[in-house]
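Examining the three-dimensional arrangement
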Amino acid sequence: MKYILSTFAIMLTTAAMAQETYESAQLATEDLNGTARYVGMGGAMEALGADITTMHTNPAGVGMMRRSWIGITGGATIQSGTENVNGIFNKTGVTNADLDQVGFVYSTDGSGDNKWNLGFNFRKSRNFNEILTAANSLTNASASTKSAIGKVLGRYNYSDYLVNEVLNSQFTSDYAGYAYADGYAFSSENSGYIGDYSFNFSGNLHNRVFLGVTVGLKSVHYKSSSEYVESLIDTKDDYRGDLGLYDYRKITGTGVDVKFGIIFRPVETSPFRVGLYINTPTWYRLTCTTEQGAEFLVNPLNNVDAATGKVLVDDSYYNATTWDYNVNTPWKFGLSLGHTWGNNVALGATYQYSDYSAIDNRIATSATREYYDGWGGWYEEAYRSSYSDDIMNRNTEQALKGVHLLKVGAEVKPVPDVAIRLGYNYQSAIYDKSRGSKDTTLDTDGSYLASNSFTNWGDTHRVTFGLGFKLADGLNLDLAYQYAMTKGDFYPFESMDKTGDTIANYPTTTEVQDNRHQISCTLGYRF
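I will try to describe carefully the structure that is included in this document. For clarity, every value in this text was computed on a predicted model and none was experimentally measured.

**Description of the pairing of strand β7 (residues 209–233)**
Sheet topology note: the strand β6 (residues 180–205)/β7 ladder contains 25 bridges and is antiparallel. Across the sheet, the residue bridging to Ser188 is Ser226, located in β7. In sequence, β6 turns back onto β7 through a hairpin of three residues, with His206 there showing a positive phi of about 55 degrees. Bridge count for β7 against strand β8 (residues 239–264) is 25 bridges, and the pairing is antiparallel. Residue pairing for β8: Phe210 is matched across the bridge by Ile263. In textbook terms, the turn of a hairpin is the stretch between consecutive antiparallel strands, and for β7 and β8 this stretch comprises five residues, one of which, Asp237, has a positive phi near 65 degrees.

**Here we look at helix α5 (residues 390–399)**
Looking at α5, one finds that the buried residues are Met392, Asn393, Asn395, Thr396 and Ala399. Down the axis of α5, the sector holding all buried residues measures 155 degrees, keeping them to one side.

**What to know about the environment of Arg435**
Its location among the elements puts Arg435 in the loop between β17 (418–427) and α6 (445–448). Residue class for Arg435 comes out partly exposed when judged on its relative accessible area of 44%. Distance in space between the C-alpha atoms of Arg435 and Arg421 is 39 Å, their sequence separation being 14 residues.

Reading guide: rules and limits
Residues numbered from 1 in each chain as written. Predicted model: local features only at pLDDT ≥ 70, side-chain atom pairs only at ≥ 80, totals over all residues. Heavy atoms only, no water. Pairing = 2+ DSSP bridges. Helix = DSSP H or I, 4+ residues; strand = E, 2+ residues; numbered from the N terminus. Buried < 20%, exposed > 50% of the residue type's maximum accessible area, 1.4 Å probe, protein only. Arc of directions from axis to C-beta.

Function cannot be inferred from these measures alone, as they are strictly geometric.
Written as structure tokens, this is what we have:
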């Protein structure tokens, strides 16, 4: 039956929700990952090409492959930090095995010196696995004070609401229920990954110009579980009990992006080449589920409030929420150079820029349309749309900044069947340490449902080393080692200045480190 469709009505079916700056930043960043050859050279292959991983940055690199190829990469990541930074216990650490990459390239025969390649590759662009712990003293500050200030200001997030529910029945003060804390302990465990499924079409024009385009589909699998505990004290500095905050969140969803690239040799008689590429934003459609709780556990030796005479009791509150939202990551622009000397030496360098302050946090809405089929029948169709969360995006512009990524790498073959590789990466800080902060008093649901803690991570340095072996005709084994180093400032909650109606609340920051060792192994076959 041929339907005559006409829109009859649009009905809003779910609440509009968005996400928070620091959560979105985790989805926008990427790790150095792919084949062991790519990792061993520090990823500086966007002009050298001839490696399947380049389809995720400069897709023209796949156009330089002369033969079809199939390969798989596995490895392990060991994350470690430091203990006793400034006398305080801090560390990160987790070990996990991964399937880092699997893919193939089909190289056509072409005509003359023109060839066209088709490729598919899966890689894990982001590894979320991490354990982070931090502990420090607190001086005239507390998560309970933060919640009380938010209540006076008329806007505070759900964690603060739960704290107020717990403590309002315990203590009395001019600023609602709160108490000072003399120290805190924090621990979190993150897990999951972003899977990047990419489809590439690339080619070679007269062995001098190489063009490529990649369409990527991304799958997000992220889980985070954290616990924050602070020891509350009274006006006599006597221990009153512990306030605990618990946050679990799971983010799932999909994204799509497109990458364009070109590699060319300016001088026909020279192997020196230049690469240029542009990556569009990844347009994510995501769902977040959170479970948050707060509890107060009384010190049985000091369980009477001197001001009111109340007997303090253990108490707890809990909330669970699920919502949809969208995030658009920033554009990426890259320039790369490469040169080879015969079949023995290859050098590559890449510079990439991306403005992370331009991340677009978007509020998702869900609605239904009703249609008339022309024969007296009606039916509904659900759809989803989104619009920019301007309030949160202003926080993103303040907390994040443009990121410069420099990659250099070299490959030397002392003998035809063995390759030695070295690489180095420098990535400037994503977070603005002087201005970057969560703001849970923003009038947007992204702040209302955010966790309290955050880390302003600094620059990242990566050093890589690799080996390649030709096992048989067309069969190669590549190995790589990567060491990545990042330092950051951990905040258990945001700082709040004194106003006419509130007191000041400045948490003690804690230096943390995230140092990662990664081992990769690729088995590839050319045919």
